[in-house]
Amino acid sequence: MPTLKWTQQATDDLWAIDAWLEENASGEIALATLAAIRSRAYFLENFPHGGRPIGDGVRVLRVINTPHLIVYRLSGDGINILRVHHEREDWQIEL
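Rules used throughout
Residues numbered from 1 in each chain as written. Predicted model: local features only at pLDDT ≥ 70, side-chain atom pairs only at ≥ 80, totals over all residues. Heavy atoms only, no water. Helix = DSSP H or I, 4+ residues; strand = E, 2+ residues; numbered from the N terminus. Polar contact = N/O pair within 3.5 Å; in protein donor to acceptor, adjacent residues only side chain to side chain. Contact = heavy atoms within 4.5 Å. Salt bridge = Lys/Arg side-chain N within 4 Å of Asp/Glu carboxyl O. Buried < 20%, exposed > 50% of the residue type's maximum accessible area, 1.4 Å probe, protein only. Pairing = 2+ DSSP bridges. Axes fitted to C-alpha atoms, helices over the stretch in contact; angles between N-to-C directions.

1. Some thoughts on the side chain of aspartate 13
Here comes step 1: Along the chain, aspartate 13 falls in helix 1 (residues 8-24).
Here comes step 2: Only 2.9 Å separates the side chain of aspartate 13 from the backbone nitrogen of valine 84, close enough to count as a polar contact.
Here comes step 3: The residues touching aspartate 13, leaving out its near neighbours within four places in the chain, are Arg83 and Val84.

Shown next as structure tokens:
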């Protein structure tokens, strides 16, 4: 089974999502959203090609019941979670 590795940018994205939700929604919603993101990321351990390819070995996976997307890359030693974005962000500029 491939190993998940979170980049610092992806970890920072989770902190930012949590902070925004705590300020603009509630702690319960923040907790549920972060749990959904982590659960969906762990889905990749069993289904590493579960996301759609978007170029240069990068894939994107939608987090069910949230407006978030997990951007990741498969590598020889696992799955690198590159970023976690809101679907309305212009995140493809980075690619």
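Read on, since the account is not over.
2. Regarding the pattern of salt bridges
Here comes step 1: Here the structure, examined in full by the defined rule, presents 4 salt bridges.
Here comes step 2: Here lysine 5 makes a salt bridge to aspartate 77, at a shortest N to O gap of 2.4 Å. One end of the pair, lysine 5, is in strand 1 (residues 4-6); the other, aspartate 77, is in the loop between strand 4 (68-75) and strand 5 (78-86), with 72 residues separating them in the sequence.
Here comes step 3: Owing to a relative accessible area of 33%, lysine 5 belongs among the partly exposed residues under this scheme.
Here comes step 4: Among the ionic pairs, arginine 83 bridges to aspartate 13, the shortest N-O distance being 2.7 Å.

3. Description of the sheet that holds strand 3 (residues 58-62)
Within a sheet, neighbouring strands are paired by backbone hydrogen bonds and run either parallel or antiparallel to one another.
Here comes step 1: A sheet is described by the order of its strands in space; here 5 strands give the open sequence 1-5-4-3-2, paired in mixed fashion. Each having just a single partner strand, strand 1 and strand 2 (52-55) make up the two edges of the open sheet. Each neighbouring strand pair of the sheet contributes to a mean axis angle of 35 degrees, computed without reference to strand direction.
Here comes step 2: The pairing of strand 4 with strand 5 spans 8 bridges and is classified as antiparallel. The partner of serine 75 across the bridge, within strand 5, is glycine 78.
Here comes step 3: In the packing of helix 1 onto the sheet, the strands contacted are strand 1, strand 4 and strand 5, and the crossing angle to strand 5 comes to about 35 degrees.

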